[in-house]
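# Report on the structure
Take a look at the letters that make up each chain.
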Amino acid sequence: MRILKPLALLLSIILLSSCMATSKKEKISQVEKQLLYAEKQLSLLLVDAEKANKIPRTLDEHGQMHFTHNNFDWTEGFYPGSSWYLYEATGDVKWKNAAEKFQSLFEEHKNRTTNHDLGFVFNCSYGNGYRLTKNEAFKEVMITAGNSLLTRFNPNVGCIKSWDVDNGWQATRGWEFPVIIDNMMNLELLFELSKLTGDMKYQEVAIAHADTTLKNHFRSDNSSYHVIDYDAETGAVRNKHTAQGFAHESSWARGQAWGIYGYTVCYRYTKNVKYLNQAVKIADYILNYKGMPTDGIPYWDYNAANIPNEPRDVSAATVTVAALIELDGYTETSYLPEIDKILRSLATEEYTAKLGKNKNFLLKHSVGSIPHNNEIDVPLNYADYYYLEALLKYEDSYSPKN
């Protein structure tokens, strides 16, 4: 028995290791199947986009295609970004051609100084394009967009201004210098530009914005407000509000996702542990929230009035899972069980559209803004984008090593 016990233990370890490797291979196989399916579905969407020579955004209230606005649309970078991801996944040059074609439709927007979403627009499109091709022209577009974004930074506040408040619905809120949690997603462009150019002005602004947001946007339970309004002269906080959430003190689901993703990115570039700690705190809030549905796909706001009879927001889930996969590589705590749960849920027929359905968008059941009665229970191009990103990250992070 003294001989057999160590032998049995060794055999058990070998068997367990073999099972774990098989399990990993099975999970990767499922991810690869989802990528292949995505390529088929989005190939159909590409036909529609090329026919219209426009960028698909979502569906309107009648279930018809809604393309991005020609003058400027914060979502315009996601569709070419998805095309870059499919090029990365398949190597098929048609996706490279599609990405280049559709991002060229808004290249002139790199000069805009009236919008804060230049990071979303140009990092997801031209940023991925430069990463995959090293086309210097793409980098120049990114630099111009980054310089335009820097004009919205106010050193008194320590943040990039989100919305201008001199017209539109924002003008009715009484805000002076609104900053939304979404803006954490525009910092990746700035961090990347300092890495590419060696000019630290971009990173300095990104760090200032991240630090000010860390100080003022989060509650004691690590959930975040949507909008913090500042005094432009003193930097003092004037209001803590929402625009797209249920209430000022509620937790808008996609806002929590923007936060975990944004601070994970901040840690990637700076290795400052305070950003890692914040990302972990947000993850803990999201994953341990007592009202989270068992499939891991959140309601559009964690505190919405009529839960469980409230719309889910798949876009919040895709952003969250993409962030968790990266965060999992930085922490001793493993988020893999939660990652697997969310990805399994997204792959079901409840959330993944059948081939040729859903006007050829990949995922169903996202929410833009319920308070604005806009884009409710529809596909959204950024839900598809972050889903593809998550699948690629998963494949890269968890593939069994040879």
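The paragraphs below set out a description of the structure included in this document.

Reading the values: the criteria
- Residues numbered from 1 in each chain as written.
- Predicted model: local features only at pLDDT ≥ 70, side-chain atom pairs only at ≥ 80, totals over all residues.
- Heavy atoms only, no water.
- Helix = DSSP H or I, 4+ residues; strand = E, 2+ residues; numbered from the N terminus.
- Rg over C-alpha atoms; globule rule 2.2 N^0.38 Å.
- Buried < 20%, exposed > 50% of the residue type's maximum accessible area, 1.4 Å probe, protein only.
- Contact = heavy atoms within 4.5 Å.
- Areas by Shrake-Rupley, 256 points an atom, 1.4 Å probe, with all protein chains shown as cover.
- Lys, Arg positive; Asp, Glu negative; His and termini not counted.
- Charge placed at Lys NZ, Arg CZ, Asp CG, Glu CD.
- Axes fitted to C-alpha atoms, helices over the stretch in contact; angles between N-to-C directions.
- Left-handed = near helix turned anticlockwise from the far one by under 90°.
- Phe/Tyr/Trp six-rings, centres within 6.5 Å; stacked < 30°, edge-to-face > 60°.
- Pairing = 2+ DSSP bridges.
- Salt bridge = Lys/Arg side-chain N within 4 Å of Asp/Glu carboxyl O.

## A look at the overall build of the protein
When helices and strands are tallied, the protein shows 12 helices and nine strands. In terms of C-alpha radius of gyration, the protein reaches 21 Å, essentially the compact-globule figure of 21 Å for 402 residues. Out of the 402 residues in the protein, the part that is buried amounts to 54%. Expressed as a percentage of contacts within the protein between residues at least 6 apart in sequence, the contacts between residues at least 24 apart total 66%. Just so you have it, the protein exposes about 17,400 Å², and 51% of that area is on carbon and sulfur atoms. Taken as two groups, the 42 positive and 49 negative side-chain charges of the protein have centres that lie 5 Å from each other.

## Observations concerning the packing of helix α10 (residues 314-328) against helix α11 (residues 336-346)
Following both chains from N to C, one finds α10 and α11 inclined at 145 degrees, their axes separated by 10 Å at the closest point. Every pair of crossing elements has a handedness; the one defined by α10 and α11 is left-handed. Contacts between α10 and α11 involve V314, A317, T318, V321, L324, I325 and D328 from the former and L336, I339, I342, L343 and L346 from the latter.

## Comments concerning the packing of aromatic side chains
Using the criterion set out here, one finds 30 aromatic pairs in the structure. Taken together, a centroid distance of 5.0 Å and an interplanar angle of 70 degrees make the contact between W163 and W169 edge-to-face. Residue classification places W163 among the buried residues on the basis of a relative accessible area of 11%. Of the aromatic side chains, those joined through ring pairs into one cluster are W74, F78, Y85, F120, W258, Y261, Y382, Y385 and Y386.

## As for the pairing of strand β5 (residues 177-180)
Two faces make up the sheet, and in a regular strand the side chains alternate between them. The side-chain alternation of β5 yields two buried faces, one formed by F177 and V179 and the other by P178 and I180. In terms of strand pairing, β5 meets strand β6 (residues 227-230) through four bridges, oriented antiparallel. The residue bridging F177 from the neighbouring strand is Y230, located in β6.

## Notes on the sheet that holds β6
Through backbone hydrogen bonds, the strands of a sheet pair up, either in parallel or in antiparallel fashion. One open sheet holds the three strands; their spatial order is β5-β6-β7, and the pairing between them is antiparallel. Every other strand in the sheet has two partners, leaving β5 and β7 (237-241) as the edge strands with one partner each. Strand after strand, the sheet turns through a mean of 20 degrees between neighbouring axes, direction not considered. In this fold helix α7 (residues 201-216) packs onto β5, β6 and β7, with an angle of close to 105 degrees to the strand it touches most, β6.

## Looking at the pattern of salt bridges
Where charged atoms from two side chains of opposite charge approach closely, those side chains can pair. By the definition in use, this model includes 19 salt bridges. K27 is the salt-bridge partner of D340, the closest N and O atoms lying 2.7 Å from each other. One end of the pair, D340, is in helix α11; the other, K27, is in helix α1 (residues 4-52), with 313 residues separating them in the sequence. Here D340 falls in the buried class, since its relative accessible area comes to 8%. Between E375 and R57 there is a salt bridge whose closest N-O contact spans 2.7 Å. Of this pair, E375 sits in strand β9 (residues 374-378) while R57 is found in strand β1 (residues 56-59), placing the two residues 318 residues apart along the sequence. The pair E375 / R57 is uniform in exposure class, with both members buried. Bridged by salt links that share partners, the residues E188, R268, E326, E389 and K393 form one connected network.

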